[in-house]
Amino acid sequence: MNTKEMLKYLVFIAWAGVVLAVYYALFPIQHMAGELPVLRKITLNAGMVSDVFVIALVVLSANGWGNCFWRKTELNHAERFVFATGLGFCVISVIVFVLTIAGFMGRVVFFALLFFGIVQFLAVGKRVRGRIRNSLKVFAAISAVSFISTLIGALAPPTQFDSLVYHLALPQEYIRAGRYFLVSDNIFASFPQNMEMIFGFCMKIQNDIIANLAGWIFFPLTALLVYLMSKKYWNSQVAIQAAVIWSLTPLLMFISTGTYVDLGLAFYVLLSVYAVSLWTETEKNEMLVFSAVFAGFATGIKYIGLLNIVMLVPVIIYYSKPEKTLKTTLIFLAVSISVFSPWLIKNAVLFNNPIAPWGTELFKASKITAEQASEYFTHIRSHGVPVESFRQLLLLPWKMTFSPWSFGGGFDILGPVFLMFLPALFADVKIDKMKIILIYYVVFYLTCWTITGKVLRFIVPVFPLICILTAIGVQNLVRNNLLRITVIIFMVLALLHNFAIFHWVMAKVDPYSPVISGEGRNSYLSRKLNYYDAVHGGINQLEGGAKVLYWGETRRYYCSHDAIVPTVFDSNPLVAWSNGAGGTEELAESLRENGITHLFVNYSELERLGFEKQLTAKAKETLRRFVREKTERIYENEYCGVYKVNI
């Protein structure tokens, strides 16, 4: 190696050292060490063992369903397992959606769905067994501590805000009603719900912990897929590093502990990219079709998956034979849009707008109003820091690393690894086909992200590709024997910090108490959710026929009664009724006409979210008098109150 090349490598390693030093200075590990969780006792939870066993059965069932459509393939055993499992979850989600629409939501039907997949898995099991390679064992050993840590988080009762508002709340409503229906007071009901169908399937089979685990399972599945793709196109070292970086990224660890949909989206985006890459080698339309299925299913998880389809089309056009370009492109688009189309049809029927909450100006009869949509999109665009100049664009990766809370919340922490080693991707000027595809993919996606809503969680769909590119950067540096030990030390220190910061943040969530320290479910939820006691001890104790209107609170989950629970982006009818009422009698008449029997008020959320600002001064006084004169308080604590309406 000549002096010029050595200087180049020293610049990259110096950059990594500076980033690591600054990160440790801003987030001192000694400070976090004093606030890490302390386990005073460890109790074996039989329910936890049962939940892990059930989610294992769900994965095996998904694999069995997938193998029904995956007969002939040149994939190795591990690749076939992951591809078939991904396809099987697609099948389960679609079947559950059809059953929910048809009103066939009996537990026996869902158990039959589970049982058939397991039988199919056992029937083809001999064809998917294979030798586990040593490099895969190394990755599994290194990442085990991450998977176990996040598994503990996923085994705790759900407390994540988005889950309580819609990821779990919507499936709960369908299960309660015994069918799919329009939840008119929840803007998120207009979103695609492929993952929510899987969550509902798990809730119906056993409980919401299984739904949590269904979200978590895509964390190790994606890690395995990252490993397999890296191993195929690069080498074992890149594969281990990429999969370990994925497994020890704080943001990904955090969202794996709850019923978020982002990891499922990332898994299916990577499956579609992997399948297209296999198609470019074999030119077999089978892989192209599977890629389209996965891309369409990803879009049915989250609208942002549509970017995946858009980004794959140029790849398909470029690598198609000239005489087949039109045919292959049309096959891909037709299949992917067909797989996604049920959610377009659902929205067209229920919301008069197939792309709700988008398209309110185009579809004038849309039940999602332009005001609602605008408020939601404004909220999304408010995240992150402004990018109004080239200088701000250059500083964006630095701010994403060192000011993560500006990009969506306390869970959106990337750690220093990407900023340290991703630039080293260009230490080696040799560019192969797969590297070009991955770089194009990431650059295109991040460009779209930069000009829209800069929430770090929204980058998760391309994080597997970013992990692979980062691992290639690490590999470029460790080729230099003089720098290898330094690179390894830097990487270990960065990943240890990631692991520490995960447990530091999770100490506040404290999943350890209910999972391994014996705390009861109700006790834990009472500590973590200021509305839980009022719902569990107040609303859920009401007699049948009660209809509750929420005021201030937007989290529907854990309520077993008929309720109107508008999100922060939906109009609460109490606002319109109060603003339009001439007095308490008119307000009482509005409640009576709509069958409202009880009011539930979360005082702290009412103030935090500023709902009372929507009321006129006269309406505020009318509502206060109505509560004082026309209601009877039947439950109250320091946070919430439940009022019986006496009209």
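Relevant structure appears above.
The structure reproduced in this document is the subject of the present report.

Analysis parameters
Residues numbered from 1 in each chain as written. Predicted model: local features only at pLDDT ≥ 70, side-chain atom pairs only at ≥ 80, totals over all residues. Heavy atoms only, no water. Buried < 20%, exposed > 50% of the residue type's maximum accessible area, 1.4 Å probe, protein only. Helix = DSSP H or I, 4+ residues; strand = E, 2+ residues; numbered from the N terminus. Pairing = 2+ DSSP bridges. Axes fitted to C-alpha atoms, helices over the stretch in contact; angles between N-to-C directions. Contact = heavy atoms within 4.5 Å. Core = buried A, V, L, I, M, F, W, Y, C linked by side-chain atoms within 4.5 Å. Polar contact = N/O pair within 3.5 Å; in protein donor to acceptor, adjacent residues only side chain to side chain. Expected span 1.5 Å × (residues − 1). Bend = angle between axes of the 7 residues up to and from the residue. Salt bridge = Lys/Arg side-chain N within 4 Å of Asp/Glu carboxyl O. Patch = residues over 30% accessible without salt bridge, like charges linked within 9 Å, V, L, I, M, F, W, Y side chains within 5 Å. Areas by Shrake-Rupley, 256 points an atom, 1.4 Å probe, with all protein chains shown as cover. Phe/Tyr/Trp six-rings, centres within 6.5 Å; stacked < 30°, edge-to-face > 60°. Disulfide = S-S within 2.5 Å.

In this section: the pairing of strand β5 (residues 640–645). In terms of residue burial, β5 counts as a mostly covered element, since five of its six residues are buried. Relative to β5, strand β3 (residues 598–602) runs antiparallel, the two being bridged by five bridges. What sits directly across from Val-601, in β5, is Gly-641. Pairing analysis gives five bridges linking strand β4 (residues 631–636) to β5, with the strands arranged antiparallel.

This brings us to the sheet that holds β5. Within the open sheet, the five strands sit side by side as β2-β1-β3-β5-β4. Their pairing is mixed. Every other strand in the sheet has two partners, leaving β2 (562–564) and β4 as the edge strands with one partner each. The sheet shows a mean angle of 25° between the axes of neighbouring strands, direction not considered. Across four bridges, the pairing between strand β1 (residues 547–551) and β3 is parallel. Within β3, the residue paired with Val-548 across the bridge is His-598. This element, helix α27 (residues 573–580), spans β1 and β2 of the sheet and lies at about 80° to β1.

Moving on, we come to the nonpolar core. Within the largest apolar cluster, 217 residues are counted, with the highest numbers of intra-cluster contacts made by Phe-83, Phe-201, Tyr-268, Phe-421 and Phe-600. Not counting residues up to four positions away in its chain, the partners in contact with Phe-421 are Ala-16, Thr-470, Gly-473, Val-474, Leu-477, Val-487, Phe-490 and Met-491. One finds Leu-549, Ile-564, Leu-587 and Tyr-643 within the second-largest nonpolar core, a separate group that totals 21 residues.

Let's shift gears to the environment of Trp-216. Note on placement: Trp-216 falls in helix α10 (residues 208–216). When residues no more than four places from it in sequence are discounted, the contact partners of Trp-216 are Phe-147, Thr-150, Leu-151, Ala-154 and Ser-256. One polar contact links Trp-216 to Thr-150, side chain to side chain, over a distance of 2.9 Å.

Backbone torsion omega between Ala-356 and Pro-357 reads 5°, so that peptide bond is classified as cis. Tracing the backbone shows Pro-357 in the loop between α17 (325–351) and α18 (370–381). The phi angle at Asn-352 is positive, at roughly 55°, despite the residue not being glycine. Along the chain, the position of Asn-352 falls in the loop between α17 and α18. Classification of Asn-352 by relative accessible area gives partly exposed; the value is 34%. Its identity as a non-glycine residue notwithstanding, Tyr-558 has a phi of 85°, on the positive side. Here Tyr-558 is to be found in the loop between β1 and β2. Given a relative accessible area of 10%, Tyr-558 falls into the buried group.

Over its 13 residues, helix α19 (residues 390–402) runs 19 Å from end to end, which matches the ideal 18 Å to within 8%, given 1.5 Å per residue. Helix geometry: α19 is bent most strongly at Leu-396, by close to 40°, with proline Pro-397 lying one to four residues after it. Buried residues of α19: Leu-396, Met-400, Thr-401 and Phe-402, and no others.

Here Asp-185 shows up in the loop between α8 (169–177) and α9 (194–205). Asp-185 gets classed as buried once you look at its relative accessible area, which sits at 12%. Polar contacts involving the side chain of Asp-185 include one to the main-chain amide nitrogen of Val-565, which spans 2.7 Å. Every residue in contact with Asp-185, bar those within four places of it in the chain, is listed here: Arg-556, Ala-563, Ile-564, Val-565, Pro-566, Thr-567 and Asp-570.

Note that side chains of opposite charge can pair when their charged atoms are close. On inspection of all chains with the given rule, the structure shows 16 salt bridges. Of the charged contacts in the structure, one is a salt bridge between Glu-361 and Lys-364, with a shortest N-O distance of 3.7 Å. In this structure, Glu-605 and Arg-608 form a salt bridge, with 2.8 Å as the shortest nitrogen-oxygen distance. Highlighted residues: Glu-605 and Arg-608, both in helix α29 (residues 603–609), separated by three residues, approximately one helical turn. For Glu-605, a relative accessible area of 7% translates into the label buried. Ionic contacts of the salt-bridge type, sharing partners, join the residues Asp-162, Asp-262, Lys-302 and Arg-457 into one network.

What follows deals with helix α23 (residues 484–509). Between the first and last C-alpha of α23 there are 38 Å, a value that for 26 residues agrees with the 38 Å anticipated at 1.5 Å per step. At the exit of α23 stands Asp-510, carrying a positive phi of roughly 55°.

A cluster of nonpolar side chains, Ile-485, Ile-488, Ile-489, Val-492, Leu-493 and Leu-496, forms an exposed patch at the surface whose accessible area comes to about 520 Å². With a relative accessible area of 57%, Ile-485 lands in the exposed category.

This paragraph deals with the packing of aromatic side chains. Geometrically, a pair of aromatic rings is defined through the distance of the ring centres and the angle of the planes. One pass over the full model with this rule turns up 45 aromatic pairs. Seen in terms of ring centroids, Trp-15 and Trp-398 are 6.1 Å apart; in terms of plane orientation they differ by 55°. Their pairing is tilted. Placement of Trp-15 in helix α1 (residues 3–26) and of Trp-398 in helix α19 is noted, with a sequence separation of 383 residues between them. Judged by relative accessible area, which is 30%, Trp-398 ranks as partly exposed. Note on Tyr-550 and Phe-600: the rings are 4.8 Å apart at their centroids and 80° apart in plane angle, and the pair reads as edge-to-face. Highlighted residues: Tyr-550 in strand β1 and Phe-600 in strand β3, separated in sequence by 50 residues. A single burial state applies to Tyr-550 and to Phe-600, both of which are buried. Cluster of aromatic residues (ring-pair linked, three or more members): Phe-83, Phe-89, Phe-218, Tyr-233, Trp-234, Phe-267, Tyr-268, Tyr-274, Phe-290, Phe-294 and Phe-297.

Glancing now at the state of the cysteines. A covalent bond bridging the sulfur atoms of two cysteines is what the word disulfide describes. Counted under the stated rule, the structure contains zero disulfides. Cysteine Cys-448 remains unbridged, with the sulfur of Cys-467 as its closest cysteine sulfur at 20 Å.

With that settled, the discussion passes to the pairing of β1. Of all five residues in β1, four are buried, a share of seventy percent or more. Pairing analysis gives three bridges linking β1 to β2, with the strands arranged parallel. The partner of Val-548 across the bridge, within β2, is Ala-563.

This is a description of form; function is not addressed.
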